[in-house]
Amino acid sequence: MSTQMKYLVVYETLKEEIFNEKYAINEQLPNGRELAELFHVSMLTIKKAMDRLVLDGIIVRRRGDGSYVKDWKKMDVAQHNHLSGTFNQFSEGEVKTKVLKFEVERADEKIAAKLSIQAGDFIYAITRLRIIRGIPSIIEYTFMPLDLIPNLQMSHVETSIYNYIQRDLRLMVHSAVVKITGVRPDDFEKKELHLKSNSFLLQVDQVASLDNSRVFEFSIAKHIPEEFEFETVIVSNKK
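Along each chain, residue indices are assigned from 1 in the same order as the chain's sequence is written. Since the coordinates come from a predicted model, pLDDT governs what is reported: local features require at least 70, and pairs of side-chain atoms require 80 or more to be given and counted, while whole-chain, interface and lining totals use all residues. Remark: hydrogens and water are excluded; side-chain values derive from all non-hydrogen atoms of the structure.

## Looking at the environment of F216
- You can see F216 is positioned in strand β8 (residues 215–223).
- For the pair F216 and M144, spaced 72 residues apart in sequence, the C-alpha to C-alpha distance is 5.6 Å.
- Between two residues, a contact is recorded if the distance between any of their heavy atoms is within 4.5 Å. The residues touching F216, leaving out its near neighbours within four places in the chain, are L115, F143, M144, P145, L148, I149, Y162, I165, V173, A208, S209 and L210. Helix and strand definitions here come from DSSP, where helices need a minimum of 4 consecutive H or I residues and strands a minimum of 2 consecutive E residues; each element is numbered from the N-terminal end.

Right, dumping it as structure tokens:
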């Protein structure tokens, strides 16, 4: 098993154990050496997995005192925002997806620049309508490099591409640059979202990267205000 796979196994196992409450909130986790022996991996592999859990807001390190489980239930909205995909932000059955476009195209200069690829490279071009609790709520325009996300199928597009990326391809979604603006819908969006001419949408532009720094997604999601929620955590860098 590769180092990358070992780190992912440790990370996913510990996360699942925490979410299943094997380790309670505020409980101290075993130390690095104990975890390395438990998983039969190196200390470096354990450190990488723990770093990811810290980044996710699931555990916290206390200097000289080890790692502890955070109150991750309170962080649910912040941690699941756009980096888990729309489908995973809601309870089962709350979201239905209407695929309006799923094609392979060549990237123009604008899309190529966002994805850090060459103009003319093959990409997936996807447009989806997300229907939340029976209300047309989000139109998503998604672009992904074909070589980085191979064999994407309609079944993934109809549910969660992020699940396919992380569970099937075993790639780790790491970070994103997000920009939020207010925009007016065009005629296509008015029709699909059942909007009036004086409506406006909240537009979320996102460039998302894997943990190897490769950009795997450029997306534009346009939300009706009633179904939009954004939360983040700001941490001071002062010592």
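## Some points on helix α2 (residues 32–39)
- Among all positions in α2, only L35, A36 and F39 are buried. The arc enclosing the buried residues of α2, seen along the axis, measures out at 100 degrees, which places them on a common side. What points out from α2, more than 90 degrees from its buried face, is the exposed set R33, E37 and L38.
- Note on α2: the residue one or two positions beyond its end, H40, has a positive phi of about 60 degrees. Classification of residues uses two cut-offs on accessible area relative to the type maximum, computed with a 1.4 Å probe and protein chains only: under 20% is buried, over 50% is exposed, and between them is partly exposed. This arc corresponds to the set of directions leading from the helix axis out to the C-beta atoms.

## Concerning the pattern of salt bridges
- One side-chain nitrogen of Lys or Arg within 4 Å of one carboxyl oxygen of Asp or Glu is enough to make a salt bridge. Here the structure, examined in full by the defined rule, presents 10 salt bridges.
- The residue K47 makes a salt bridge to D51 at a minimum N-O spacing of 2.9 Å. Here D51 and K47 lie together in helix α3 (residues 43–55), a separation of four residues that amounts to about one turn.
- On the basis of relative accessibility, which here comes to 47%, the residue K47 falls in the partly exposed class.
- Judged by relative accessible area, which is 29%, D51 ranks as partly exposed.
- Ionic pairing is found between D187 and K190, a salt bridge with its closest N-O pair at 4.0 Å. Of the two residues, D187 and K190 are both situated in helix α8 (residues 187–193); the distance of three residues between them amounts to about one turn of the helix.

## Describing the confidence of the model for the protein
- Mean pLDDT over the protein works out to 84, with 85% of the residues at or above the 70 mark.
- Confidence scores per residue from the predictor, reported as pLDDT, run from 0 to 100. At the level of individual helices and strands, the protein shows its lowest average pLDDT in helix α4 (residues 76–80), which scores 43, and its highest in strand β5 (residues 135–145), which scores 96.
- Ignoring residues within four places in sequence, the model shows residues 76–81, a span with pLDDT below 50, making nine contacts including any to other chains.
- Low confidence marks residues 233–239, where pLDDT is under 50. Its contacts with residues over four positions away, or in another chain, come to one contact.

## Examining the nonpolar core
- Take the buried residues of types Ala, Val, Leu, Ile, Met, Phe, Trp, Tyr and Cys, join any two whose side-chain atoms come within 4.5 Å, and each joined set is a nonpolar core. L14, I46 and M50 are the most contacted members of the largest nonpolar core, which totals 21 residues.
- Contributions of two or more residues to this core are made by α1 (3–19), α2 and α3.
- Sort the elements by how many residues they give to this core and α1 lands first, with six residues.
- M50 has contacts with L14, L29, L35, I59, R61 and S67, leaving out every residue within four places of it along the chain.
- If you look at the next biggest cluster of nonpolar residues, it comprises 19 residues, including I111, I117, I123 and I224.

## Concerning the sheet that holds β5
- In this scheme, strands are said to pair when DSSP sees at least two bridges between them. The sheet built from six strands is open, its strands ordered β3-β4-β5-β8-β7-β6 with antiparallel pairing. With partners counted over all chains shown, the strands left at the sheet margins are β3 (95–106) and β6 (173–183), one partner each. On average, adjacent strands in this sheet sit at an angle of 15 degrees to one another, irrespective of strand direction.
- Pairing of β3 with strand β4 (residues 122–132) involves 11 bridges; the strand directions are antiparallel. Note on β4: the bridge partner recorded for K98 is L129. To get an axis, fit a line to the C-alpha atoms, keeping to the stretch in contact for a helix; angles then go from 0 to 180 degrees between the N-to-C directions.

## Focus on the environment of S116
- Position of S116 among the secondary structure elements: in the loop between α5 (109–115) and β4.
- A residue is classified by how much of its surface remains accessible, and S116, at 58% relative accessible area, is exposed.
- When the C-alpha positions of S116 and F216 are compared, they lie 9.1 Å apart, and in sequence the two are 100 residues distant.

## Observations regarding the side chain of H156
- Relative to the assigned elements, H156 resides in helix α6 (residues 154–157).
- With sequence-adjacent residues up to four places away left out, H156 is seen in contact with R128, N151, I161, Y164 and D168.

## Examining the packing of aromatic side chains
- Two rings from Phe, Tyr or Trp (for Trp, the six-membered ring) form a pair when their centres are within 6.5 Å of each other. A pair whose planes differ by under 30 degrees is stacked, one over 60 is edge-to-face, and the rest are tilted. Using the criterion set out here, one finds three aromatic pairs in the structure.
- Taking 6.0 Å as the distance between ring centres and 20 degrees as the angle between the ring planes, the aromatic pair formed by F143 and F218 counts as stacked. Linking F143 in strand β5 with F218 in strand β8, this pair joins segments that are 75 residues apart in sequence.
- With relative accessibility at 16%, the residue F143 sits in the buried group.
- On the accessibility criterion, F218 (2% relative accessible area) is buried.
- Here the guanidinium or amino end of R62 rests over the ring plane of Y68, the centre of that ring lying 4.0 Å away. In this scheme, the term charge over a ring applies when either NZ of a lysine or CZ of an arginine sits within 6 Å of the ring centre and within 35 degrees of the ring normal.

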